[in-house]
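Examination of the molecular architecture
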Amino acid sequence: MVPFDFAYYRPQSITEATALFAALERDGKRPLYYGGGTEIITLSRLNLVRTAAVIDIKAIPECRALDVGHDSLVLGAALSLAELEEANPFPLLTKAAREVADRTARNQITLGGNICGQIFYRETALPLFVAEADAIIAGPYGIRQCRFLDLFHQQLQLGRGEFVVQFKVDRAAATLPHFHRKRRKQGEVGYPLVTIVALKKDGTVRVALSGVCPFPFRSAEVEAHVNDRSRPVGERIQAAVDAFPRPILHDIEGSADYRLFVAAQLLEDMLGELGDRETV
Amino acid sequence: MEETTKRELVLSINGERRSIVARQSETLLFVLRDGLGLTGAKPGCLNGDCGACTVLVDGTPIKSCMMLAIETVDKDITTIEGLDDAPIQHAFVRHFAFQCGYCTPGFIMNAHALIERRPNADEATIQEWLESNICRCTSYQEIEAAVKEVLEAKKAKPTDP
């Protein structure tokens, strides 16, 4: 049960949604855009989220788009993770999505919600980082398109009143050789100790991680070490791990040292699977 | 702007139109149980983890503790009360796929959706779907056997012309 009242709005268009947001904001309602709603509802129950109005974006056609074009994939932010898994337009994204929560929950959790929510693992961001996807963002000043990674600094940097409408992924990138692993503390249950996603393009490995830090990341410095074939694999991996951003998570799921140990193992698995272990 | 108040919702539940005045922030689970007396969906964790509150919304299993009732206007909701002699219900009895029974409605709704939506489900798919629900009495093997029996029976049954 949500212990406070809010008003629910279901706009049919982007302009209606942004206008609603502006009006509700003027009225002091501190509105939230609402996708699957799973996080807003569960955190509201714990008084960790509070709002007087939610704006459901699921009736906006652009947010529900799933278009496989000649050159690019268009993935609406309000598509559920289960819908993305079933359509499977981007196999690496499917693998990342399939490891989030459970099958029934993924009928509700949306792509945009997983990336923009408060729970910081945001694992579906990882394939979009390495595929160098664009984000289409709507807000009070209209619609803009920008490289997703450029707008993501620990979390997606959205202005007040903005929301993600779609992601655009280069079709060629969606079919490149890739790697995905998620390691948890115990079996198949719980948040990640480490999730690693990689994609190999033109002989270069792009890699992104979640669970290591309190934010997902893709780092040019880490990738430079991973791709430095002048050094033995062990040294490449150690240098990459040393270059991880800080802080390293240290909590009940796993100590910082253990997370780095698991990450190093997964980097080695990644290089092996992508055929990139040799030293030149 | 409209005030934050209750609103009349007309919901389609188990083939009937049910009208109720509810808070816009109220979850589907609470409205079903406390508003409409449909207590088959169980409150468990209220956090989307246990699956005891699973119902079908347009045939898709949904954890009703994590969906607003107002979101389901114009959709078809099916609760355990709306299943009538579904094969999975009989299979649960035959396999004694429960002990305390608290998780049973959620498991049955999820399993029913799996059977309807994925009649050719393989082992991995069955496991993936059933992992959405938790049984603390550990009836997992019996539940899986019940699901597999219904899937096998469905495959063996000749399709209607």
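Calculation criteria
- Residues numbered from 1 in each chain as written.
- Chains lettered and ligands numbered in written order.
- Predicted model: local features only at pLDDT ≥ 70, side-chain atom pairs only at ≥ 80, totals over all residues.
- Helix = DSSP H or I, 4+ residues; strand = E, 2+ residues; numbered from the N terminus.
- Rg over C-alpha atoms; globule rule 2.2 N^0.38 Å.
- Buried ≥ 20, exposed ≤ 12 C-beta atoms within 10 Å, placed from the backbone.
- Contact = placed C-beta atoms within 7 Å.
- Domains from an automatic or database assignment.
- Nonpolar A, V, L, I, M, F, W, Y, C, P; charged D, E, K, R; others polar.
- Pairing = 2+ DSSP bridges.
- Axes fitted to C-alpha atoms, helices over the stretch in contact; angles between N-to-C directions.
- Expected span 1.5 Å × (residues − 1).
- Arc of directions from axis to C-beta.

**What about the overall build of chain A?**
A tally of helices and strands in chain A yields 10 helices and 14 strands. Here the C-alpha radius of gyration of chain A, 19 Å, is about what a compact globule of 280 residues would show, namely 19 Å. Seen through its principal axes, chain A has C-alpha atoms that stretch 60 × 45 × 30 Å. Considering chain A as a whole, with its 280 residues, one finds that 48% of them fall into the buried category. Look at the contacts in chain A between residues 6 or more apart in sequence, and 61% of them connect residues 24 or more apart.

**Observations regarding the domain arrangement of chain B**
Quoted interface sizes are often the accessible area lost when the parts come together. All names here are of chain B. Each domain of chain B was delimited in the assignment, giving domain 1 (6-80) and domain 2 (85-154). Just the C-alpha atoms count here: the centres of domain 1 and domain 2 sit 21 Å apart. Only strand 3 (54-57) and strand 4 (60-63) provide two or more residues apiece to the side of domain 1 that touches domain 2. Residue classes in the side of domain 1 that touches domain 2 are distributed as 8 nonpolar, 5 polar and 2 charged.

**Here we look at the sheet that holds strand 6 (residues 134-139) of chain A**
Sheet strands pair via backbone hydrogen bonds, and the direction of the pair is either parallel or antiparallel. Residues and elements named next belong to chain A. Taking strand neighbours across the sheet as the criterion, the 5 strands line up as 4-5-10-6-7 in an open arrangement whose pairing is antiparallel. Edge strands, defined here as strands with exactly one partner in the open sheet, are strand 4 (66-68) and strand 7 (142-147). Neighbour-to-neighbour, the strand axes of this sheet turn through a mean angle of 20°, independent of strand direction. Alignment of strand 6 against strand 7, held across 6 bridges, turns out to be antiparallel. Residue Gly-139 lies in a different strand from strand 7, and its bridge partner there is Gly-142.

**Digging into unusual backbone geometry**
Arg246(A) connects to Pro247(A) through a cis peptide bond whose omega is 5°. Positionally, Pro247(A) belongs in the loop between helix 9 (233-242) and helix 10 (256-273). Positive phi values are uncommon outside glycine, yet Asp202(A) reaches one of about 50°. Mapped onto the fold, Asp202(A) is located in the loop between strand 12 (189-201) and strand 13 (204-213). For Asn14(B), which is not glycine, the phi dihedral falls at a positive 50°. When you line up the elements, Asn14(B) lands in the loop between strand 1 (6-13) and strand 2 (16-23).

**What to know about the sheet that holds strand 14 (residues 215-217) of chain A**
All names here are of chain A. Spatial ordering of the open sheet is given by 11-12-13-14, a layout of 4 strands whose pairing is antiparallel. Bordering the open sheet on either side are strand 11 (178-186) and strand 14, each of which pairs with just one other strand. With strand direction ignored, the average angle separating the axes of adjacent strands in the sheet is 15°. With 8 bridges joining them, strand 11 and strand 12 adopt antiparallel strand pairing. Bridging across to strand 12, Arg-181 finds its partner in Ile-196. Sheet contacts for helix 4 (residues 91-98): strand 11 and strand 12; angle to strand 11, the most-contacted strand, approximately 5°. Running at roughly 35° to strand 12, helix 10 makes contact with strand 11, strand 12 and strand 13 of the sheet.

**What to know about the interface of chain B and chain A**
Contacts between the two partners involve 28 residues from chain B and, on the opposite side, 24 residues from chain A. Of all the secondary-structure elements, those providing two or more residues to the side of chain B that touches chain A are strand 4 and helix 4 (123-130) of chain B. In terms of residue count, the dominant contributor to the side of chain B that touches chain A is strand 4 of chain B (4 residues). Looking at side-chain class alone, the side of chain B that touches chain A contains 10 nonpolar, 11 polar and 7 charged residues.

**Description of helix 1 (residues 14-26) of chain A**
All names here are of chain A. Taking 1.5 Å of rise per residue, the 13 residues of helix 1 would be expected to cover 18 Å, and the 18 Å separating its terminal C-alpha atoms lies within 8% of that figure. When we look at burial in helix 1, the residues that qualify are Ile-14, Ala-17, Thr-18, Leu-20, Phe-21 and Leu-24. For helix 1, the buried positions fall inside an angular range of 155° around the axis, keeping them on one side.

**Quick notes on the pairing of strand 4 of chain B**
Sheet faces and side chains relate simply in a regular strand, where the side chains alternate between the two faces. Residue and element names in this part refer to chain B. Pairing analysis gives 4 bridges linking strand 3 to strand 4, with the strands arranged antiparallel. Residue Val-57 lies in a different strand from strand 4, and its bridge partner there is Thr-60. As consecutive antiparallel partners, strand 3 and strand 4 are separated by 2 residues, and within that stretch Asp-58 has a phi angle of approximately 50°, a positive value.

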